[in-house]
Structures are given as structure tokens and as C-alpha cells.
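Descriptive analysis of the structure
Now for the letters of each chain:
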Amino acid sequence: QVRLVESGGGLVQAGGSLRLSCEASGSVFEIKTMGWYRLAPGNQRELVAVATSGTSTNYADSVKGRFIISRNNAKNTVYLQMNSLKPEDTAVYYCAAALTTAQGYEFDAWGQGTQVTVSS
């Protein structure tokens, strides 16, 4: 069984910073892509940032220049450094990973979500 466990959400004032972490545990053989989505009330799920197993990263236009995604492949962990936060960044942030298990199964895994609230 594979689990993604997120941490680091919370309440912050506009202009502040937060760092989210997501660790994959269990029978993980390889993680190809890890990323972060967010879901705000009344909105559709939005891809925030993604990092491949190499050095390639991609960001939503709304967070470019403010958020930084990074990975520690040795720890099966992905991070999202969020700077210059705005009230519109308020959402539940979900970690996602495309991975292969030790048994050779490929699937997408999701975390339970962590709330980020930015006050004005």
C-alpha cells in the first residue's frame, strides 16, 4: 500500500510564506511525477505545480514567481514553498504522484489534503 502524507498547511497573513511537504511511503519502487493541486470553494481543481523525476518543473500562471516546487527523491518527498501569499491562494492543497509500486503496478496516488488559509 502506498500513502501520500502532507503537512505544513495553516493560516498566514497576506504576503507571508508557507512550506508544504508531502512524503510517499509504502511499497514505492519509482515516482515519476509529483505535484500539487488545490481546490477552493466554488472553483475547479487547479494544478498548481508539478515536478518530474528529473529537473523539469511547471507552474500555474497564477503562482509563477511566487511558488517553488522541489523534490528529494531519496526521501520520496515533494515540497511546495509558497511565498508572497495572497487571499486567493486560500484552498485545500493536495499532493499527487504518478508512481510504480514494488509489485510493478502503476497508478496515481493522492494525499488527504492540507488547508491553506491566507488572510487579508
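Definitions and limits used
Residues numbered from 1 in each chain as written. Predicted model: local features only at pLDDT ≥ 70, side-chain atom pairs only at ≥ 80, totals over all residues. Heavy atoms only, no water. Buried < 20%, exposed > 50% of the residue type's maximum accessible area, 1.4 Å probe, protein only. Helix = DSSP H or I, 4+ residues; strand = E, 2+ residues; numbered from the N terminus. Pairing = 2+ DSSP bridges. Phe/Tyr/Trp six-rings, centres within 6.5 Å; stacked < 30°, edge-to-face > 60°. Lys NZ or Arg CZ within 6 Å of the ring centre and 35° of its normal.

Here we take up the pairing of strand S8 (residues 77-82). Across the six residues of S8, five count as buried, placing the element largely inside the fold. Inspection of the sheet shows strand S3 (residues 18-26) paired to S8 by six bridges, in the antiparallel sense. Of the residues in S8, the one forming a bridge with Ser21 is Tyr79. Pairing between strand S7 (residues 67-72) and S8: six bridges, direction antiparallel. The residue bridging Ser70 from the neighbouring strand is Tyr79, located in S8. Between S7 and S8, which pair antiparallel in sequence order, lie four residues; one of them, Asn76, sits at a positive phi of approximately 50°.

Both strand S4 (residues 28-39) and strand S5 (residues 46-52) contribute to a ladder of six bridges, which runs antiparallel. Looking across to S5, one finds that Tyr37 is bridged to Leu47. Linking two consecutive strands that pair antiparallel, namely S4 and S5, is a turn of six residues; a positive phi of about 85° is found at Gly42 within it. Where S5 folds back onto strand S6 (residues 57-59) in an antiparallel hairpin, the turn is made up of four residues.

This part covers the packing of aromatic side chains. In total, this model carries one aromatic pair according to the counting rule given. Here the aromatic rings of Tyr37 and Trp110 are separated by 5.0 Å at their centres, their planes lie at 45°, and the arrangement is tilted. Linking Tyr37 in strand S4 with Trp110 in strand S10 (residues 106-110), this pair joins segments that are 73 residues apart in sequence. Under the relative-accessibility criterion, Tyr37 is labelled partly exposed at 22%. Above the plane of the ring of Tyr79 lies Arg19, whose end atom (NZ or CZ) is 4.1 Å from the centre.

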